[in-house]
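What the coordinates show
Below, each chain spelled out in residue letters.
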Amino acid sequence: MRCFHSPLHRGHAGTHEIYRGELVPCFEKPERADFVLQAFQRAGLGEVSAPEDHGLAPIERIHAPRYLAFLARVWDAWAAQGGTRDLLPAVWPTRGFRDDIEPDNLVAQLGLYSFDSGSPITAGTWTAALAGAHCALTAQAAVAQGARAAFSLARPPGHHAGTDFYGGYCFLNHAAIAAQAFVDGGAARVALLDVDYHHGNGTQQIFYQRSDVLFQSIHGDPRTEYPFYLGHADETGAGTGLGFNANYPLPAGSDNTRWFEALEAACRRIVAHGAEALVVSLGVDTFEGDPISRFHLRTPEFKRLGARLAALGLPTVFVLEGGYAVAEIGDNVVSVLAGFEG
Ligand code: Q9C
Ligand code: ZN
C-alpha cells in the first residue's frame, strides 16, 4: 500500500501541555511520525510519496472559513506582538456566552476555537496540519483512482477537530476531509471507523446530521476518559443523520475480547450501510503500553484488526491519529497495515 507523508509535520512541535494543573512535555511529538515512517519502510509495505497540493477547497468542505483563517494567521499575529512561547488558551466561552463575535484578543480567540489546554499552537502548526490534510486527500485520491488502500502518515492528528474547533492535539480533521472527498467524488455511502482510544468527537460533530457518512467510534468510556463530554452510546445521530452514528464506549481497562466484540458490531454496520469506501481513523493508543490510555491491544491484536478491516473488501484510506508509546508506535501501526495486506 502506498503511504503519503510530508516532513512539514516537524514544524508542529509543542513543548508543553497543561495536565492536572502542571505544564508537562507534549505527548504528541515529531518523533511519533519518524518511528511510523521507519517501521513502514523497514517492513517494505510500499512506496512513500509526498502529498499533492489539493488546495483549500476540500478542506473548506469540512471546516468553517473563519476557523481556517484563524489557524492560518494566529502564529504570525502572536509573533508580531513579540510572542515566542507556544500558544495555549486560558479562557473559554461556555453556555450563555457569545460565539458569533471573534474577540480581538489572541488568547480569547484561542478559547473561542478550542476545547482544551493540551493542544499548543506553534510556529509550524498550520503548515503541518495543512500538509496532513493533503496527505489524507492524496491517499483518498489514490484509492478513488483504484488503489485498494492507502495510508496517510501525518501529524498532528485530526479526529478531535470539528467544524470550527481544535483540541486533543488535533487541528484539521484529516479523516473527515478524506471521507468528504469520497462523497464529492460521487460515493453515496461512506463509512468512517475510528479505532483510536479516544472518542472521535470532532468527526462525530461534523457528520452527526448526515446519513451519507456513517461514523462509528470504539473508545474508552467518556465518563472517565478524554474527551469526556461526548462519545456515549445513546448518541446515534440527529435529523437525517439519525441512525448513522454509533459509539462503542468501553470501560477503561477493558480486555481485548470486549474490544473485538465492538469491532465486530461496527463491521456489521459498515456492511449494512452499504458503504462504498472506508476511512479508518487509525490511532494505536489502544496499545497496552500507551502512557495515556487504558486498553490492552498488542501486535497480534493490531494484525487481527487489519485483517478484519481487509475482510470488509472496501477501498480503504488509513489516517494516522493517536498513539503515544513512541518507541512502539511504528510497529503497532505497521501491524495493522500488514494485517490488512494479509
Ligand atoms: N495529557 C489523540 O489521541 N490529553 N488525542 C489527555 C494526557 C488529551 C488524545 C491527558 C488526549 C488527546 C488524537
Ligand atoms: Zn487518542
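Scroll up for the structure.
This is a predicted model, so every value here is computed, not measured.

1. Overview of the environment of His54
Secondary-structure assignment places His54 in the loop between β4 (48–49) and α2 (57–60). Separated by 83 residues in the primary sequence, His54 and Leu137 place their C-alpha atoms 7.1 Å from one another. In this view, His54 contacts His134 and Leu137; residues no more than four positions away in its chain are not counted.

2. A look at the site of ligand 1
Close to ligand 1 lie 17 residues; Tyr19, Pro157, Gly168, Ile292 and Gly322 are nearest. Partitioning the shell around ligand 1 into residue classes produces 7 nonpolar, 7 polar and 3 charged.

3. Overview of the sheet that holds strand β5 (residues 149–152)
The parallel open sheet is built from 8 strands, whose spatial order is β4-β1-β5-β10-β9-β6-β7-β8. In this open sheet, the two strands that pair with only one neighbour each are β4 and β8 (245–250). The pairing of strand β6 (residues 190–194) with strand β9 (residues 277–282) spans 5 bridges and is classified as parallel. Across the sheet, Leu192 pairs through a bridge with Val279, a residue of β9.

4. Some thoughts on the pairing of strand β7 (residues 213–220)
Of all 8 residues in β7, 8 are buried; the element is thus mostly enclosed. Examined bridge by bridge, β6 and β7 share 5 bridges and lie parallel to one another. Along β7, the bridge assignment pairs Leu193 with Gln216. Strand direction decides the pairing type here: β7 and β8, joined by 6 bridges, are parallel. From the neighbouring strand, Gln216 faces β8, where its bridge partner is Ala246.

5. Describing the packing of helix α5 (residues 125–144) against helix α6 (residues 174–184)
Running from N to C, α5 and α6 point in directions that differ by 35°, and their axes come no closer than 9 Å. Considering how the two elements wind past one another, α5 and α6 form a crossing that is right-handed. On the side of α5, the interface is formed by Gly132, Ala133, Ala136, Leu137, Ala139, Gln140 and Ala144, while α6 contributes His174, Ala175, Ile177, Ala178, Ala181 and Phe182. Of the residues belonging to the contact of α5 with α6, the class tally is 10 nonpolar, 3 polar and no charged.

So, how was this worked out
- Residues numbered from 1 in each chain as written.
- Chains lettered and ligands numbered in written order.
- Predicted model: local features only at pLDDT ≥ 70, side-chain atom pairs only at ≥ 80, totals over all residues.
- Helix = DSSP H or I, 4+ residues; strand = E, 2+ residues; numbered from the N terminus.
- Contact = placed C-beta atoms within 7 Å.
- Near = placed C-beta within 6 Å.
- Nonpolar A, V, L, I, M, F, W, Y, C, P; charged D, E, K, R; others polar.
- Pairing = 2+ DSSP bridges.
- Buried ≥ 20, exposed ≤ 12 C-beta atoms within 10 Å, placed from the backbone.
- Axes fitted to C-alpha atoms, helices over the stretch in contact; angles between N-to-C directions.
- Left-handed = near helix turned anticlockwise from the far one by under 90°.

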